[in-house]
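Secondary and tertiary structure notes
Residue-level listing of the chains:
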Amino acid sequence: MNNPLVLVVEDDLPVRNLMTTTLKTHAYRYKTAANAAEALLMASSHNPDVVFLDLGLPDMDGIEVIRQIRSWSNMPIIVISARSDDADKIEALDAGADDYLTKPFSVEELLARLRVTIRRLALMNSDSNADRSVYTNGKLEINYSAGCAFMNGEELKLTPMEYKLLCLLAKNTGKVLTHTYITQNIWGRSWDNDIASLRVFMVTLRKKLESAPGSPRYIQTHIGIGYRMLKVD
Ligand code: CA
């Protein structure tokens, strides 16, 4: 990929300037939009590699912008939320956003989110050319057709539920999955006790997967929101 094109959707000028300066300094190409109407136009005319989308826009709810983009494109969307309320982020993720950034954020956080997303793009692009029946990430390997997973070449003794959970996270590597999304995919529903069960399954899965479950490398926790499989070298 040549220098990725980033669309910055933000009505707050100082924040937008901080973002574009950061992008320029780090050799990213960028376009900007100050409202939802411009954002939709820019997204369709420039087909950016990544979109940073402020949820609080003057003309339309950012969630609606996500829905509209998702009706025709899978381009990665990282939402920016000033609100500390997790409900907004969860709604945005469930509407199809890939990741989120909470205001105020640092330049380092902005760049870190961008890197994770660019790696996810690279992985998606390589997957589309490669054999999809085997997933590899760092020392983790999943053989979907055989229904088993390996770490450092050794088969992991996973329960069917742990395996299902691992596959769901693997198939969405780089993307934050909400508790609701995960439980609906695994149990077909999302009750409070399903989310509690999910936490328990996650603890046991991590014990088998991570060499140091206290500082996980593969599965990242987003407190109050969900989990993400990271791309590991
Ligand atoms: Ca705003």
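Every value quoted in this text rests on a predicted model; they were computed, and no experiment measured them.

**Some words on the overall build of the protein**
- Within the protein, the regular secondary structure consists of eight helices and twelve strands.
- What you see for the protein is a C-alpha radius of gyration of 18 Å, in line with the 17 Å of a compact globule of 233 residues.
- With the C-alpha coordinates of the protein rotated into their principal frame, the extents come out at 50 × 40 × 30 Å.
- Considering the protein as a whole, with its 233 residues, one finds that 48% of them fall into the buried category.
- A fraction of 58% describes how many contacts in the protein between residues 6 or more apart in sequence connect residues 24 or more apart.

**A word on helix α6 (residues 160–171)**
- Under the 1.5 Å per step criterion, the end-to-end length of α6 is 16 Å for twelve residues, consistent within 8% with the ideal 16 Å.
- Along α6, the residues that are buried comprise Glu-162, Tyr-163, Leu-165, Leu-166, Cys-167, Leu-168, Leu-169 and Ala-170.

**Overview of the domain arrangement of the protein**
- Domain assignment breaks the protein into domain 1 (5–128) and domain 2 (134–229).
- Domain 1 and domain 2 are separated by 26 Å when their C-alpha centres are compared.
- Taken residue by residue, the interface counts 14 residues in domain 1 and 13 residues in domain 2.
- A buried area of about 1100 Å², summed over both sides, lies between domain 1 and domain 2, and 55% of it is on carbon and sulfur atoms.

**What to know about the coordination of the calcium ion**
- Only Asp-11 (OD), Asp-54 (OD) and Gly-56 (O) from the protein reach the calcium ion as donors, at distances of 2.2 to 2.4 Å.
- One chain supplies every donor for the calcium ion, spaced along it as D-x42-D-x1-G.
- A residue is classified by how much of its surface remains accessible, and Gly-56, at 39% relative accessible area, is partly exposed.

**Details of the sheet that holds strand β9 (residues 154–155)**
- One open sheet holds the four strands; their spatial order is β6-β7-β8-β9, and the pairing between them is antiparallel. In this open sheet, the two edge strands, each paired with only one partner strand, are β6 (134–137) and β9.
- α6 rests against β6, β7 (140–143) and β8 (148–151) of the sheet, and its axis sits at about 105 degrees to β7.

**Quick notes on the state of the cysteines**
- Applying the stated criterion across every chain, the model contains zero disulfides.
- With no disulfide of its own, Cys-148 lies closest to Cys-167 among cysteine sulfurs, the gap being 9.8 Å.

**So, the packing of helix α3 (residues 62–70) against helix α4 (residues 86–94)**
- Contact geometry of α3 with α4 gives a least axis separation of 9 Å together with a crossing angle of 10 degrees. Accordingly, the angle class assigned to the pair α3 and α4 is roughly parallel. Here Ile-63, Ile-66 and Arg-67 of α3 come into contact with α4, specifically with Asp-88, Glu-91 and Ala-92.
- Residue classes in the contact of α3 with α4 are distributed as three nonpolar, no polar and three charged.

**Observations regarding the pairing of strand β11 (residues 219–222)**
- Taken together, the four bridges between β11 and strand β12 (residues 226–229) define a ladder with antiparallel strand orientation. Bridging from a neighbouring strand, His-222 pairs with Gly-226 of β12.

**Topic: α3**
- Considered for burial, the residues of α3 that qualify are Gly-62, Ile-63, Val-65, Ile-66, Ile-69 and Arg-70. When α3 is viewed along its axis, its buried side chains cluster within an angular range of 160 degrees and face the same direction.
- As for α3, its buried residues are in contact with α2 (36–46), β3 (50–54), β4 (77–81) and α4.

**Some thoughts on the pattern of salt bridges**
- In the structure shown here, the tally under the stated rule is nine salt bridges.
- A salt bridge links Glu-162 to Lys-208; the shortest N-O distance between them is 2.7 Å. You can see Glu-162 sitting in helix α6 and its partner Lys-208 sitting in helix α8 (residues 192–209), a full 46 residues away along the chain.
- Residue class for Lys-208 comes out partly exposed when judged on its relative accessible area of 33%.
- A single salt-bridge network, built from bridges that share partners, covers Glu-10, Asp-54 and Lys-103.

Cut-offs and rules
Residues numbered from 1 in each chain as written. Predicted model: local features only at pLDDT ≥ 70, side-chain atom pairs only at ≥ 80, totals over all residues. Heavy atoms only, no water. Helix = DSSP H or I, 4+ residues; strand = E, 2+ residues; numbered from the N terminus. Rg over C-alpha atoms; globule rule 2.2 N^0.38 Å. Buried < 20%, exposed > 50% of the residue type's maximum accessible area, 1.4 Å probe, protein only. Contact = heavy atoms within 4.5 Å. Expected span 1.5 Å × (residues − 1). Domains from an automatic or database assignment. Buried area = accessible area lost by both parts, 1.4 Å probe. Donors = N, O, S within 2.8 Å, 3.2 Å for Na, K, Ca; no water. Pairing = 2+ DSSP bridges. Axes fitted to C-alpha atoms, helices over the stretch in contact; angles between N-to-C directions. Disulfide = S-S within 2.5 Å. Parallel < 35°, antiparallel > 145°, perpendicular 65-115°, else oblique. Nonpolar A, V, L, I, M, F, W, Y, C, P; charged D, E, K, R; others polar. Arc of directions from axis to C-beta. Salt bridge = Lys/Arg side-chain N within 4 Å of Asp/Glu carboxyl O.

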